[in-house]
Amino acid sequence: MGRRGAAAAAVAIALSFLDVRGIAAGVAADVKAATGRELVFGGPVELQMLPRPALVLADVRFANAPWGSQPWMVQFGRAKAVIDVFSLLSGKLRVRSISVEDAQVLLETDRDGNRNWQVGGPEAGPPEWLRRLETLGMTCSLVPGNHDALVRPAVAHFTSAWA
């Protein structure tokens with residue numbers, strides 16, 4: 001086995017000892033601190049080794065605004081977060097990309113014009129550790145503050161990337 005194979009084996013062994021549930025709990029705590037809203041992983045949290053190391057999460061939900069019409073603003077059946085192994089081994093999480101499947105997004109405003117997608121402070125943006133988000137199969141519900149109309153466009157594929 002060459003150096004490259006030995007390094008890959010060492011990384012695989014190190015990753016096998018990771019507490020993936022603990023990593024997910026840490027991400028949920030960071031999201032709560034940044035947004036004031038719950039991020040829940042209702043299903044299994046697993047580590048996928050190939051083709052790239054990734055956390056695979058099921059039944060993921062992000063809380064809606066307290067005044068919202070439903071408890072969850074975002075829900076998806078499955079998420080895969082491709083992780084930067086070396087940053088994780090050094091104690092920091094860096095996600096190269098997140099892809100989600102079966103996403104349901106509820107965007108709504110209240111009667112005063114507040115938007116449920118406005119979270120965090122005025123400079124809020126994507127987390128420092130996230131570089132790319134991709135959705136496969138998304139339904140987005142738009143509910144205006146007067147609740148007179150509900151629009152549900154379906155999006156087959158959406159990708160967003162940050163520098």
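Residues numbered from 1 in each chain as written. Predicted model: local features only at pLDDT ≥ 70, side-chain atom pairs only at ≥ 80, totals over all residues. Heavy atoms only, no water.

(A) Spotlight on the packing of aromatic side chains. In this structure the tally under the stated criterion is zero aromatic pairs. Above the ring of Trp-72, the side-chain terminus of Arg-61 is found at 4.9 Å from the ring centroid. (Phe/Tyr/Trp six-rings, centres within 6.5 Å; stacked < 30°, edge-to-face > 60°. Lys NZ or Arg CZ within 6 Å of the ring centre and 35° of its normal.)

(B) Spotlight on the pairing of strand E4 (residues 72–83). Pairing analysis gives nine bridges linking strand E3 (residues 54–63) to E4, with the strands arranged antiparallel. Residue pairing across strands places Ala-63 opposite Trp-72, the latter belonging to E4. The sheet contact formed by E4 and strand E5 (residues 95–108) spans nine bridges and is antiparallel. Counterpart to Ala-81 in the pairing with E5 is Ile-98. (Pairing = 2+ DSSP bridges. Helix = DSSP H or I, 4+ residues; strand = E, 2+ residues; numbered from the N terminus.)

(C) Highlighting the side chain of Gln-48. For Gln-48, the location among the structural elements is in strand E2 (residues 45–48). Setting aside residues no more than four positions away along its own chain, Gln-48 makes contact with Pro-53, Ala-54, Val-56, Arg-78 and Lys-80. (Contact = heavy atoms within 4.5 Å.)

(D) Spotlight on helix H2 (residues 20–35). Along its 16 residues, H2 runs 22 Å from first to last C-alpha, staying within 8% of the 22 Å computed at 1.5 Å per residue. Turning to H2, its buried residues number three or more, namely Val-20, Ile-23, Ala-24, Val-27, Ala-28 and Val-31. Buried residues in H2, looked at end-on, bunch into an arc of 140°, giving them a common side. (Expected span 1.5 Å × (residues − 1). Buried < 20%, exposed > 50% of the residue type's maximum accessible area, 1.4 Å probe, protein only. Arc of directions from axis to C-beta.)

(E) Molecular detail of the environment of Val-31. Note that Val-31 resides in helix H2. The exposure class assigned to Val-31 is buried, which follows from its relative accessible area of 17%. Here Val-31 is in contact with Gly-36, Arg-37, Leu-39 and Phe-62, once residues within four sequence places are set aside.

(F) Molecular detail of unusual backbone geometry. A cis amide bond links Leu-50 with the next residue in sequence, Pro-51, at an omega value of 5°. Looking at where Pro-51 falls in the secondary structure, it is placed in the loop between E2 and E3. Unusually for a residue other than glycine, Asp-59 sits at a positive phi of about 55°. Among the secondary structure elements, Asp-59 is positioned in strand E3. In this structure, Asp-102 takes a positive phi of about 55° despite not being glycine. Here Asp-102 lies in strand E5. Given the relative accessible area of 53%, Asp-102 is considered exposed.

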